[in-house]
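# Structural overview
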Amino acid sequence: MDQQKKKMQMPSAYTILFIITAVIAVLTWLIPAGKYKTSSAGQIIPGTYTTVASHAQGLWDVLMAPINGMLGNASTDGAIMISLFILIIGGFLGVVNATDSLNAGIASLLKRYAGKEKLLIPLLMVLFGLGGSSYGMSEEIIPLFALIIPVMMAVGYDAIVGISIALVGSQVGCLASTVNPFATGVASQTVGISVGDGMGLRLIMLVVLIAISIWFTMSYANKIKQDPTKSLLYSQRKADEAHFDTSALENFKGITKTQKSVNVLFFTSFIIMIVSLIPWDQLNTHWTLFDNLTKWLVGIPFLGKFLGTDMIPLGQWYFAEISMWFMLMAIIVAIFAKMSENKFINAFMNGAAEMMGVALVVAVARGVQVIMNDGMITGTVLHFGEQSLHGLPAGIFIVLTYIFYIPMSFLIPSTSGLAAATMGIMGPLGTFAHVDKSLVITAYQSASGIVNLISPTSAVVMGALTIGRTNIVVWFKYVWKLLLILFIATCVLLIIGTML
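About the criteria used
- Residues numbered from 1 in each chain as written.
- Predicted model: local features only at pLDDT ≥ 70, side-chain atom pairs only at ≥ 80, totals over all residues.
- Heavy atoms only, no water.
- Patch = residues over 30% accessible without salt bridge, like charges linked within 9 Å, V, L, I, M, F, W, Y side chains within 5 Å.
- Areas by Shrake-Rupley, 256 points an atom, 1.4 Å probe, with all protein chains shown as cover.
- Salt bridge = Lys/Arg side-chain N within 4 Å of Asp/Glu carboxyl O.
- Helix = DSSP H or I, 4+ residues; strand = E, 2+ residues; numbered from the N terminus.
- Buried < 20%, exposed > 50% of the residue type's maximum accessible area, 1.4 Å probe, protein only.
- Core = buried A, V, L, I, M, F, W, Y, C linked by side-chain atoms within 4.5 Å.
- Contact = heavy atoms within 4.5 Å.
- Domains from an automatic or database assignment.
- Buried area = accessible area lost by both parts, 1.4 Å probe.
- Polar contact = N/O pair within 3.5 Å; in protein donor to acceptor, adjacent residues only side chain to side chain.
- Phe/Tyr/Trp six-rings, centres within 6.5 Å; stacked < 30°, edge-to-face > 60°.
- Expected span 1.5 Å × (residues − 1).
- Axes fitted to C-alpha atoms, helices over the stretch in contact; angles between N-to-C directions.
- Parallel < 35°, antiparallel > 145°, perpendicular 65-115°, else oblique.
- Left-handed = near helix turned anticlockwise from the far one by under 90°.
- Nonpolar A, V, L, I, M, F, W, Y, C, P; charged D, E, K, R; others polar.

### Details of a nonpolar patch on the surface
Together, Phe 476, Trp 480, Leu 484, Ile 488, Val 492, Ile 496 and Leu 500 make up an exposed nonpolar region whose accessible area comes to about 700 Å². Note on placement: Val 492 falls in helix H24 (residues 472–499). Note on Val 492: relative accessible area 44%, which makes it partly exposed.

### A word on the nonpolar core
A general tendency of soluble globular proteins is for nonpolar side chains to be buried together. Phe 92, Phe 128 and Trp 475 are the most contacted members of the largest nonpolar core, which totals 156 residues. With 13 residues, helix H9 (residues 199–226) is the largest single contributor of residues to this core. Beyond its immediate chain neighbours, meaning those up to four positions away, Phe 128 contacts Ile 106, Met 137, Ile 141, Leu 144, Ile 148, Ile 165, Ala 166, Gly 169 and Ser 170.

### Side note on the domain arrangement of the chain
With domains assigned, the chain is organised as domain 1 (65–284 + 315–378 + 388–498) and domain 2 (285–314). One C-alpha centre belongs to domain 1, the other to domain 2; they are set 33 Å apart. Contacts between the two partners involve 11 residues from domain 1 and, on the opposite side, eight residues from domain 2. Taken as a group, Trp 280, Asn 284 and Gln 316 account for 52% of the area that domain 1 buries against domain 2, more than any other trio of residues on that side. In this assembly, domain 1 and domain 2 are joined by zero salt bridges.

### As for the side chain of Ser 416
Turning to its location among the elements, Ser 416 is positioned in helix H21 (residues 415–432). Within the structure, Ser 416 has its side chain in polar contact with the backbone oxygen of Phe 182 (distance 2.9 Å). Residues contacting Ser 416, with those up to four places away along its chain left out, are Phe 182, Val 186, Val 358, Val 361, Val 362 and Tyr 444.

### Observations regarding the packing of aromatic side chains
One pass over the structure, following the stated rule, counts 25 aromatic pairs. When the ring of Tyr 318 is compared with that of Phe 319, the centres are 4.9 Å apart and the planes differ by 70 degrees; the resulting orientation is edge-to-face. Through a chain of ring-to-ring contacts, the aromatic side chains of Phe 85, Phe 92, Tyr 135, Phe 266, Phe 267, Phe 270, Tyr 318, Phe 319 and Phe 326 assemble into a single cluster.

### Things to note about unusual backbone geometry
Of note in the backbone geometry, Lys 338 takes a positive phi value of approximately 55 degrees without being a glycine. Residue placement: Lys 338 occurs in the loop between helix H16 (319–336) and helix H17 (341–354). For Met 376, which is not glycine, the phi dihedral falls at a positive 60 degrees. Mapped onto the fold, Met 376 is located in the loop between helix H18 (356–374) and helix H19 (378–389). Look at Met 376 and you get partly exposed, because its relative accessible area is 26%.

### Details of helix H5 (residues 117–135)
In this model H5 runs 26 Å from its N-terminal to its C-terminal C-alpha over 19 residues, within 8% of the 27 Å that 1.5 Å per residue would give. Buried within H5 we find Glu 117, Leu 120, Ile 121, Leu 124, Met 125, Phe 128, Gly 129, Gly 131, Gly 132, Ser 133, Ser 134 and Tyr 135. Just past H5, the residue Gly 136 takes up positive phi, approximately 75 degrees.

### A few points about the packing of helix H12 (residues 257–277) against H16
Between H12 and H16, whose axes approach to 10 Å, the crossing angle comes to 170 degrees. On the basis of the axis angle, H12 is roughly antiparallel to H16. The handedness of the crossing between H12 and H16 is right-handed. Note on element contacts: H16 touches H12 through Ile 322, Trp 325, Phe 326, Met 329, Ile 332, Val 333 and Phe 336, opposite Thr 258, Ser 261, Val 262, Leu 265, Ser 269, Phe 270, Ile 272, Met 273, Ser 276 and Leu 277. Among the residues forming the contact of H12 with H16, the class breakdown is 13 nonpolar, four polar and no charged.

### Observations concerning the packing of helix H3 (residues 80–98) against helix H8 (residues 181–191)
Across the interface, H3 lies against H8 with an axial gap of 10 Å and an inter-helix angle of 160 degrees. For the element pair H3 / H8, the angle class is roughly antiparallel. Considering the relative orientation of H3 and H8, their crossing is right-handed. Each of Met 81, Ile 82, Phe 85, Ile 86 and Ile 89 in H3 lies in contact with H8, whose residues at this interface are Pro 181, Phe 182, Gly 185, Val 186 and Gln 189. Of the residues belonging to the contact of H3 with H8, the class tally is eight nonpolar, two polar and no charged.

### Some words on the environment of Val 62
With respect to the helices, strands and loops of the structure, Val 62 is situated in helix H2 (residues 59–71). In this structure Val 62 comes out as buried when scored by relative accessible area, which is 13%. Discounting chain neighbours no more than four positions away, the residues touching Val 62 are Thr 21, Ala 22, Ala 25 and Ile 371.

### A few points about the pattern of salt bridges
A complete count under the given rule lists two salt bridges for this structure. With a closest N to O distance of 3.0 Å, Arg 237 and Glu 241 form a salt bridge. Here the residue Arg 237 and the residue Glu 241 both occupy positions in helix H10 (residues 237–243), the gap between them amounting to four residues, near one helical turn. Taking the relative accessible area as the measure of exposure, Arg 237 reaches 18% and is therefore buried. For Asp 240, the salt bridge goes to Arg 469, with nearest N and O atoms at 2.7 Å. Here the residue Asp 240 occupies a position in helix H10, and Arg 469 occupies one in the loop between helix H23 (459–467) and H24, the gap between them amounting to 229 residues. Residue classification places Asp 240 among the buried residues on the basis of a relative accessible area of 2%.

Below you can see the structure in the form of structure tokens.
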């Protein structure tokens, strides 16, 4: 019998999280139990740690952990709210993708700027950055490499420039996530704060880091345009020119009015979501426009009751409200696209199905927190952190948090799973170092985003490199300087965040 050699593969996020859950259960037998007093708002009160009777977790508890992680129990809030939101936004994206509007929009830009391809670099990278920052744009960009790379090749650039435009643009957007539901959303729900908390710094990070990425990409593009031998892919230039062609773009017939309308609705959906999550009246007591507007609408005879007297003003929405919003917008998109009821349901369900793994990994990851809380060791771990962090400056703490999450992002490649598994500890630890929970979230998603640029287990990284006929070693030669610059810039911005 022939024996086939099995390649070493990284375990899935589910396997890693189950192993971590089991290890934590063992630790409940070894680590003394303890707890903190909490305020009326549920915040831990430093200096109030006391030991309690041990409550070691067994096999039953380990098996029940992901169930309780989804549904919640007396000690831990369930992940069902965020999991439902992930499924609904997946359905929304499925309906939008069924119209092919986003791809058509990118293709339209490529054709419109024919002869001005240099301008496409900043324009497309900003668009991809906004996509990554708002809804976690990732795998859906893979088909676009087949459009972008030939255009860049045709004007004297190479495949790396095309890869960098979409890959770096989208993943730096994820690094500087503003309302990305799969990173910012999960982490915020885990520590019980609004997604809008900390958005100001994240917007600054998005502008600064995207600007750095555009400068880096354009510098490389200009260098190889002036001297093609400087290209990291120069040795295969002729083979690439024969391989890539612009037939796909040449056959593009243009974006339809319907697709334009869908794109407007798509971006409007996320703009409204961002506006709805920012606590305007907390930023300024005079910013009560949405409160007053809602009161006025509810007070109108008949119309108020028709709209619903329980309507919540923008600025006070949370996951239940934005879940409703994306469900509504999916229906509106389907109406504008003249979808049949059957096509709409299929598109929505297929989109939701693609997110099922993400929704479930959040529950499995939350199971880690369930075991720690039920085993009464969360307080003990936090107490150790409180003692360790005593006297540690906030700036050093946030940089260490950022560094901590870089290897953790390799270990648990799922951003949602990583947030759900660790934020229950890391968020409260920030309290002892006088660092806001929202800034801890920013550090976590920054680390996850930077890892997503080079991770060999990332579908978007390997998909892009495969289409671009570029191996990961060459890609690392190109991107390592950018990674270093982004790392330093992020550390500086995080330290500034501790001063705000």
